[in-house]
Amino acid sequence: MAEQRRTERLDQPREPRGITLPRFDAEAFGRWSEGIARGMGTANFIVVMTVVIAIWFGWNTLAPAELRFDPYTFTFLTLVLSLQASYAAPLILLAQNRQADRDRLALEEDRRRATAQKADTEYLAREIAALRIALGEVATRDFLRSELARLAEELDEAGQRRQRLERRQQEKDSQRSTDGPGLDEPRDELDGDYARDARPER
């Protein structure tokens, strides 16, 4: 008795006295109920149930009287079907509740993912807007093409002017060689004007 009192602890509640219900795994029982509900919701179950009831009716109607275990009014069959219905309904409800819990978790996960995707989309939209603003000051491909085309035209014009100057210089050199050594440079309109202005007036 003293040893029993020593083993009792005051910081823990006593175990309830009386009938203790057996403990079971709720997850395993839930899976089992879902399996039953899934099986009862198929066409095979309906066909098998119909065949069993038809055999029950046939045996208890056509068999000899001493072999009939459930004569007409089929009281035992009614009891069996009532028991089946009374157990099937809670099992189906339990399976539906588990499915509803899974659907709720899936919905919450989808909502969380949608929120994350929305945040990512808003972030990407802000980044794209910032890139557009930054690219507004950067030379585009069309602008570079137009500038390169303009530079190419200016280079072509400069090359043509250089060729014209070279031809003129060649013409001047050829005229110097044909006019003789006395003239250093060909006379032009200014030279004639100077000579005319230098004459004494009469």
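Look up a bit, the structure's there.
Residues numbered from 1 in each chain as written. Predicted model: local features only at pLDDT ≥ 70, side-chain atom pairs only at ≥ 80, totals over all residues. Heavy atoms only, no water.

### Re the pattern of salt bridges
Under the convention used in this document: We define a salt bridge as a contact between a side-chain nitrogen of Lys or Arg and a carboxyl oxygen of Asp or Glu at a distance within 4 Å. Only DSSP runs of H or I with at least four residues qualify as helices, and only runs of E with at least two residues qualify as strands; both kinds are numbered from the N terminus onward. Only protein chains enter the area calculation, which uses a 1.4 Å probe; residues under 20% of their type maximum are buried, those over 50% are exposed, and those in between are partly exposed.
For the structure on display, the rule yields 10 salt bridges. In this structure, glutamate 27 engages arginine 31 in a salt bridge whose closest nitrogen and oxygen atoms are separated by 3.8 Å. Linking glutamate 27 with arginine 31, this pair stays in helix H2 (residues 26–40), spanning 4 residues, or about one helical turn. Note that glutamate 154 and arginine 150 form a salt bridge whose closest N and O atoms lie 2.8 Å from each other. Here the residue glutamate 154 and the residue arginine 150 both occupy positions in helix H5 (residues 141–179), the gap between them amounting to 4 residues, near one helical turn. Residue glutamate 154 is classed as partly exposed on the basis of its relative accessible area, which comes to 39%. Residue arginine 150 is classed as partly exposed on the basis of its relative accessible area, which comes to 38%. When salt bridges that share partners are traced, they join Glu27, Arg31, Glu34, Arg98 and Arg102 into one network.

### Looking at a positive patch on the surface
Keep this limit in mind: Patch building starts from residues that exceed 30% relative accessible area and form no salt bridge, then joins like charges within 9 Å and nonpolar side chains (Val, Leu, Ile, Met, Phe, Trp, Tyr) within 5 Å. The accessible surface values rely on the Shrake-Rupley method and a 1.4 Å probe; as for residues, cover is taken only from the protein chains in view. Note on charges: Lys and Arg go in the positive column, Asp and Glu in the negative column, and His and the chain ends are not counted at all. Lysine's charge is taken at NZ, arginine's at CZ, aspartate's at CG and glutamate's at CD.
Together, Arg161, Arg162, Arg164, Arg167, Arg168 and Lys172 make up a region of like positive charge exposed at the surface. Residue placement: arginine 167 occurs in helix H5. Looking at arginine 167, the relative accessible area reads 45%, which means it is partly exposed.

### Side note on the packing of aromatic side chains
To keep things clear, this is the line we draw: Pairs were defined over the aromatic rings of Phe, Tyr and Trp, the Trp ring being its six-membered one, requiring ring centres within 6.5 Å. Orientation was assigned from the angle between planes: stacked under 30 degrees, edge-to-face over 60, tilted for the rest.
Applying the stated criterion across every chain yields a total of 5 aromatic pairs. Among the aromatic residues, those joined into a ring-pair cluster are Trp56, Phe69 and Phe76.

### Section: the packing of H2 against helix H4 (residues 75–135)
Any two packed helices are characterised by how steeply their axes cross, that is the angle between the axes, and by the distance between the axes. Heads up, the condition is: What counts as an axis is a line fitted to C-alpha atoms, over the stretch in contact for a helix, and the angles between N-to-C directions run from 0 to 180 degrees. Geometric relationships in this document are graded by angle, where less than 35 degrees denotes roughly parallel, more than 145 denotes roughly antiparallel, 65 to 115 denotes roughly perpendicular, and other angles denote oblique. Helix crossings are classified by the rotation of the near helix relative to the far one: an anticlockwise turn of less than a right angle makes the crossing left-handed, while a clockwise turn makes it right-handed. Any two residues whose heavy atoms approach within 4.5 Å at even a single point are treated as in contact. When residues are grouped by polarity, Ala, Val, Leu, Ile, Met, Phe, Trp, Tyr, Cys and Pro land in nonpolar, Asp, Glu, Lys and Arg in charged, and all others, Gly among them, in polar.
It is at 8 Å that the axes of H2 and H4 come closest, and there the two elements cross at 110 degrees. Judged by the inter-axis angle, H2 sits roughly perpendicular to H4. Between H2 and H4 lies a crossing whose hand is left-handed. Between H2 and H4, the residues in contact are Ala26, Glu27, Phe29, Gly30, Arg31, Trp32, Ser33, Glu34, Ile36, Ala37 and Met40 and Gln84, Ala88, Leu91, Ile92, Leu94, Ala95, Arg98, Gln99 and Arg102, respectively. Across the contact of H2 with H4, the residue classes break down as 11 nonpolar, 4 polar and 5 charged.

### Description of the side chain of aspartate 70
Which entries qualify depends on this criterion: Polar contact criterion, stated in full: a pair of N or O atoms within 3.5 Å, where within protein one must be able to donate a hydrogen and the other to accept it, and residues adjacent in sequence count only if both atoms are side-chain atoms.
Secondary-structure assignment places aspartate 70 in the loop between helix H3 (43–62) and H4. Although buried, aspartate 70 forms no salt bridge, and the nearest oppositely charged side chain, arginine 68, lies 11 Å from it. There is a polar contact of 3.1 Å between the side chain of aspartate 70 and the backbone nitrogen of threonine 75. A distance of 3.0 Å separates the side chain of aspartate 70 from the backbone nitrogen of leucine 77, its partner in a polar contact. Those residues within four positions of aspartate 70 in sequence are excluded, and the remaining contacts are Trp56, Asn60, Thr75, Phe76 and Leu77.

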